[in-house]
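A look at the structure
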Amino acid sequence: MTLLRWKPLALAGRELVLQPLPRSGSVDGSIQEVNVSPCPTQPCQLVKGTSYSINVTFASKIESQGSKAKVYGEMLHVDIPFPIPEPDGCKSGIQCPIQKGHSYSYLNKLPVKSEYPSIKLIVKWELVDDQDQMLFCWKIPVQITS
C-alpha cells in the first residue's frame, strides 16, 4: 500500500494545514487538504488528556454506501490500532452514500488519553469504503507529552 506524504502548507495560528506531495499508486479518493488543530508545528505536540480536531477534504473516485476510519500509531514500522470515538465516516461529516466525483469534508477528533506513554510516533489515518478499499490515507509525526 502506498501512502501519501505531506509537507506543511501553512500555519494558520494554532492549526497545521498540510498538502500532499507527489505519490505513486492509487486510492479510491484524492485528498485536497488535511487540517490538524491545534498543531502549530511538526511534529505535533499532543498533550495527554486533550482532543485534537481533524478535517480532511477529499474527492471520491468511487461510489460507496459507507466509510470507516482506521487510525494507527506507527512505531518501528508496526501499526498499533488507535481507537477514536467515531469510526463511522457517515457520522463524521460525510453525507452517505458517497458519490463518485463529489468532494467531502471528513471531521473527527483525535483524543489523547492520559494513560498513553510519552513517546514520538507517526499517526496514520485511513478512511476505507464499504469494500474496505482506501478512500484516503495520511500520516503525521507526533510527540505525545504530559
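A few points on the structure. (Residues numbered from 1 in each chain as written. Predicted model: local features only at pLDDT ≥ 70, side-chain atom pairs only at ≥ 80, totals over all residues. Heavy atoms only, no water.)

Here we come to the state of the cysteines. Tallying each qualifying case throughout the model produces two disulfides. Paired through a disulfide, Cys-39 and Cys-44 show a sulfur-sulfur distance of 1.7 Å. Between Cys-39 and Cys-44 the sulfur-sulfur dihedral comes to about -85°; the bridge is accordingly left-handed. Judged by relative accessible area, which is 1%, Cys-44 ranks as buried. Between the sulfur atoms of Cys-90 and its disulfide partner Cys-96 the distance amounts to 1.9 Å. For the disulfide bridge between Cys-90 and Cys-96, the dihedral angle about the S-S bond is near -85°, and by the sign convention the bridge is left-handed. Judged by its relative accessible area of 27%, Cys-90 falls in the partly exposed class. Cys-96 gets classed as partly exposed once you look at its relative accessible area, which sits at 26%. (Disulfide = S-S within 2.5 Å. Buried < 20%, exposed > 50% of the residue type's maximum accessible area, 1.4 Å probe, protein only.)

In this section: the nonpolar core. Among the nonpolar cores identified, the biggest contains 32 residues, and Tyr-106, Trp-125, Phe-136 and Trp-138 are the most heavily contacted of them. Of all the elements, strand β10 (residues 134–145) adds the most residues to this core, at six residues. (Core = buried A, V, L, I, M, F, W, Y, C linked by side-chain atoms within 4.5 Å. Helix = DSSP H or I, 4+ residues; strand = E, 2+ residues; numbered from the N terminus.)

These values are about where atoms sit, not about what they do.
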